[in-house]
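# An overview of the molecular structure
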Amino acid sequence: MSERTLQRRLAQTGSTYSDIVQEARFSIASDLMADSDLNIADIAFAAGYENTPHFSRAFKRLTGMTPREYRGGLA
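Description of the structure in this document.

A count of helical and extended segments in the protein gives five helices and zero strands. Walking the protein from its N terminus toward its C terminus, one meets helices and strands in the order α-α-α-α-α. Computed over C-alpha atoms, the radius of gyration of the protein comes to 14 Å, more than 25% over the 11 Å expected from 2.2 N^0.38 for 75 residues, which places it beyond the range of a compact globule. Expressed along its principal axes, the backbone C-alpha trace of the protein runs to roughly 45 × 20 × 20 Å. Expressed as a percentage of contacts within the protein between residues at least 6 apart in sequence, the contacts between residues at least 24 apart total 40%. Summed over all atoms, the accessible surface of the protein reaches about 5,300 Å², with 52% contributed by carbon and sulfur. Averaging the positions of the 9 positive and the 9 negative side-chain charges in the protein gives two centres separated by 8 Å.

What follows deals with the nonpolar core. Counting 10 residues, the largest nonpolar core consists of Ala29, Met33, Ile40, Ile43, Ala44, Ala47, Tyr49, Phe55, Ala58 and Phe59. Those elements that place two or more of their residues in this core are α2 (17-35), α3 (40-46) and α4 (52-63).

Rules and cut-offs
- Residues numbered from 1 in each chain as written.
- Predicted model: local features only at pLDDT ≥ 70, side-chain atom pairs only at ≥ 80, totals over all residues.
- Heavy atoms only, no water.
- Helix = DSSP H or I, 4+ residues; strand = E, 2+ residues; numbered from the N terminus.
- Rg over C-alpha atoms; globule rule 2.2 N^0.38 Å.
- Contact = heavy atoms within 4.5 Å.
- Areas by Shrake-Rupley, 256 points an atom, 1.4 Å probe, with all protein chains shown as cover.
- Lys, Arg positive; Asp, Glu negative; His and termini not counted.
- Charge placed at Lys NZ, Arg CZ, Asp CG, Glu CD.
- Core = buried A, V, L, I, M, F, W, Y, C linked by side-chain atoms within 4.5 Å.
- Buried < 20%, exposed > 50% of the residue type's maximum accessible area, 1.4 Å probe, protein only.

Read these as spatial facts, not as claims about activity.
Here it is as structure tokens:
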């Protein structure tokens, strides 16, 4: 499938490639926070973020809380 065809099909569903990547990263991160003892930096890298502050900002933008607050709420 060409890049343009993918863009059109995603647009038809109301999604973008960036949205899908962001959702996948968040899913990976939230699963790791719930099911592991990894520290936040390791989770950030496992989810594909370049650095921990970038991950923390993105996570807070999506959830309204920091990764530490989110993990504390799971306990």
